[in-house]
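Breakdown of the fold
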Amino acid sequence: MKKSMTIGKILAYILMITFTLLTVVPLLWMILSSFKPHALIVRQPLAPPFTFYTENFILSWVQGHLGIYFLNSIVYSLSATFVTVMLAMSSGYALSKFHYRSGSVIYGLYTLGLLITVHSVIVPLFIMETKLGISNTRLGVILPYIAFGLPFQVFLATTYVKGIPDSMQESAIIDGATFLEIFVKIIIPVATPILSTMFIYTFLGNWNEFVLVLTLTSDMMIRSLPVGINSFAGGMSRDYGLQFAALVIGTVPMIIFYMIFKDKIAQGFAAGSLKE
């Protein structure tokens, strides 16, 4: 019995190490290649850089207009994330604490949105935005971001707020507080762990989104960073050094962001329901 457990533990470690290497090694190769000139990448693709060729980053930033794309990504991600999280928290509060008959139906419609993928509705979405006159605009990007982010965030918010004791709300009502005051002064502070998780998770998803911006926009000045980086893989540049540098510019900030807030994400998902 003990021998079989040891073998199982060894196999588990081998599996985890394998998946770690499959994730980390391509990332390291991308970062190292971004410091190599195009000729060296072609001749010796797996060799480390002999000197750090930083000109790749300068040229990719200037020639690819990555500064504009970077700013657009920040605007899209922050605005859509803030609205999504606030709508999800208010919906979660209403669905879990108001106990009206249609609550389960509305919650079911929200969770049904988890089954809808971007690819399945991209064509009718493009047609609808064209008829509404918001295609190829920043608003036309932000609204779908909010719509596709809401189902999962409402699920998280509703599940968490259900665990907040009803007695807290009842005591506040007795003291004369309105539902808005309860939401702002009680629900939001108590739900801080799940709020931080929702914000980080939604922000990362919006930052890395590609298909919606590529389809709904044609003006390069309003496109996001992932779409801008994609242009390096096409006719704009055949320089592998510039391509790797652009990929690093788009990837490393998110890695740093995740490393800083990874504990918040874990705490939010692991936070148990509050007990009375």
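Above this text is the structure in question.
The following paragraphs examine the structure supplied in this document. It should be emphasised that the depicted structure is a prediction, and the values quoted were computed from it without experimental measurement.

Some words on the overall build of the chain
If you tally the helices and strands in the chain, you get 13 helices and zero strands. Its helices and strands taken in sequence order, the chain reads α-α-α-α-α-α-α-α-α-α-α-α-α from the N to the C terminus. In terms of overall size, the chain is more extended than a compact globule, its C-alpha atoms giving a radius of gyration of 23 Å where 276 residues would be expected to give roughly 19 Å. The principal-axis extents of the C-alpha atoms in the chain amount to approximately 75 × 70 × 35 Å. For the chain, buried positions account for 38% of its 276 residues. A separation threshold of at least 6 residues defines the contact pool for the chain, and within that pool the share at least 24 residues apart is 74%. For the chain, the exposed surface amounts to about 15,900 Å²; the carbon and sulfur share of it is 72%. Positive and negative charge centroids in the chain, built from 16 and 11 side chains respectively, lie 13 Å apart.

Describing a nonpolar patch on the surface
Taken together, Tyr13, Met16, Ile17, Leu21 and Val25 make up a surface patch of nonpolar side chains, about 510 Å² in accessible area. Among the secondary structure elements, leucine 21 is positioned in helix α1 (residues 2-33). The class for leucine 21 is partly exposed, based on a relative accessible area of 48%.

Some points on the side chain of serine 77
Residue position: serine 77 is located in helix α4 (residues 66-97). Excluding anything up to four places from it in sequence, serine 77 contacts Phe203, Asn206 and Trp207.

Things to note about the packing of α4 against helix α9 (residues 179-190)
Relative placement of two packed helices is described by the angle separating their axes and the distance separating the axes. Between α4 and α9, whose axes approach to 11 Å, the crossing angle comes to 110°. The angle between the axes of α4 and α9 places the two elements in the roughly perpendicular class. Each of Met89, Ser90 and Tyr93 in α4 lies in contact with α9, whose residues at this interface are Phe179, Ile182, Phe183, Ile187 and Ile188. When grouped by side-chain class, the residues that make up the contact of α4 with α9 number seven nonpolar, one polar and no charged.

Overview of the packing of aromatic side chains
Per the counting criterion, the structure on display carries 14 aromatic pairs. Here the guanidinium or amino end of lysine 162 rests over the ring plane of tyrosine 107, the centre of that ring lying 5.6 Å away.

Some details on unusual backbone geometry
For histidine 65, which is not a glycine, the phi torsion comes out positive at approximately 55°. Its location among the elements puts histidine 65 in the loop between α3 (55-63) and α4. Phi angles above zero are rare outside glycine, and asparagine 136 is one such case at about 60°. Its location among the elements puts asparagine 136 in the loop between α6 (118-132) and α7 (138-162). Judged by its relative accessible area of 29%, asparagine 136 is partly exposed.

A short note on the layout of surface pockets
The space that makes up the largest pocket amounts to roughly 320 Å³. Phe148, Gly149, Tyr201, Gly205 and Asn206 are the residues nearest the centre of the largest pocket, which is lined by 14 residues in total. Secondary structure elements with two or more residues in the lining of the largest pocket: α7 and α10 (192-208). With six residues, the top contributor of residues to the lining of the largest pocket is α7. In this structure, the second largest pocket is lined by Leu109, Tyr110, Gly113, Ile116, Val121, Leu125, Met128, Pro144, Ala147, Phe148 and Pro151. Of all elements in the fold, only α5 (103-112), α6 and α7 reach the threshold of two or more residues within the lining of the second largest pocket.

Digging into the environment of isoleucine 41
Structurally, isoleucine 41 can be placed in helix α2 (residues 38-43). Remark: the alpha-carbon pair of isoleucine 41 and glycine 241, spanning 200 residues in sequence, is separated by 7.3 Å. Apart from residues lying up to four places away in sequence, isoleucine 41 is in contact with Ser33, Lys36, Tyr240, Gly241 and Phe244.

Quick notes on the nonpolar core
The nonpolar side chains of soluble globular proteins are, as a tendency, buried together. Ranked by size, the top nonpolar core spans 35 residues in total, and within it Met89, Tyr145, Ile187, Ile194 and Met198 carry the most contacts. Those elements that provide at least two residues to this core are α4, α6, α7, α9, α10 and α11 (211-216). Ranked by residue count, the leading element in this core is α7, at ten residues. The residues touching methionine 89, leaving out its near neighbours within four places in the chain, are Ala157, Val161, Phe183, Ile187, Ile188, Ala191, Ile194, Leu195 and Met198. If you look at the next biggest cluster of nonpolar residues, it comprises 21 residues, including Leu66, Leu225, Met254 and Phe257.

About the thresholds
- Residues numbered from 1 in each chain as written.
- Predicted model: local features only at pLDDT ≥ 70, side-chain atom pairs only at ≥ 80, totals over all residues.
- Heavy atoms only, no water.
- Helix = DSSP H or I, 4+ residues; strand = E, 2+ residues; numbered from the N terminus.
- Rg over C-alpha atoms; globule rule 2.2 N^0.38 Å.
- Buried < 20%, exposed > 50% of the residue type's maximum accessible area, 1.4 Å probe, protein only.
- Contact = heavy atoms within 4.5 Å.
- Areas by Shrake-Rupley, 256 points an atom, 1.4 Å probe, with all protein chains shown as cover.
- Lys, Arg positive; Asp, Glu negative; His and termini not counted.
- Charge placed at Lys NZ, Arg CZ, Asp CG, Glu CD.
- Patch = residues over 30% accessible without salt bridge, like charges linked within 9 Å, V, L, I, M, F, W, Y side chains within 5 Å.
- Salt bridge = Lys/Arg side-chain N within 4 Å of Asp/Glu carboxyl O.
- Axes fitted to C-alpha atoms, helices over the stretch in contact; angles between N-to-C directions.
- Parallel < 35°, antiparallel > 145°, perpendicular 65-115°, else oblique.
- Nonpolar A, V, L, I, M, F, W, Y, C, P; charged D, E, K, R; others polar.
- Phe/Tyr/Trp six-rings, centres within 6.5 Å; stacked < 30°, edge-to-face > 60°.
- Lys NZ or Arg CZ within 6 Å of the ring centre and 35° of its normal.
- 1 Å grid on protein atoms, 1.4 Å probe; cavity = no way out; pocket = protein on both sides within 12 Å on 5 of 7 lines; lining within 4 Å.
- Points joined across faces, edges and corners; volume = space filled by probe spheres on them.
- Core = buried A, V, L, I, M, F, W, Y, C linked by side-chain atoms within 4.5 Å.

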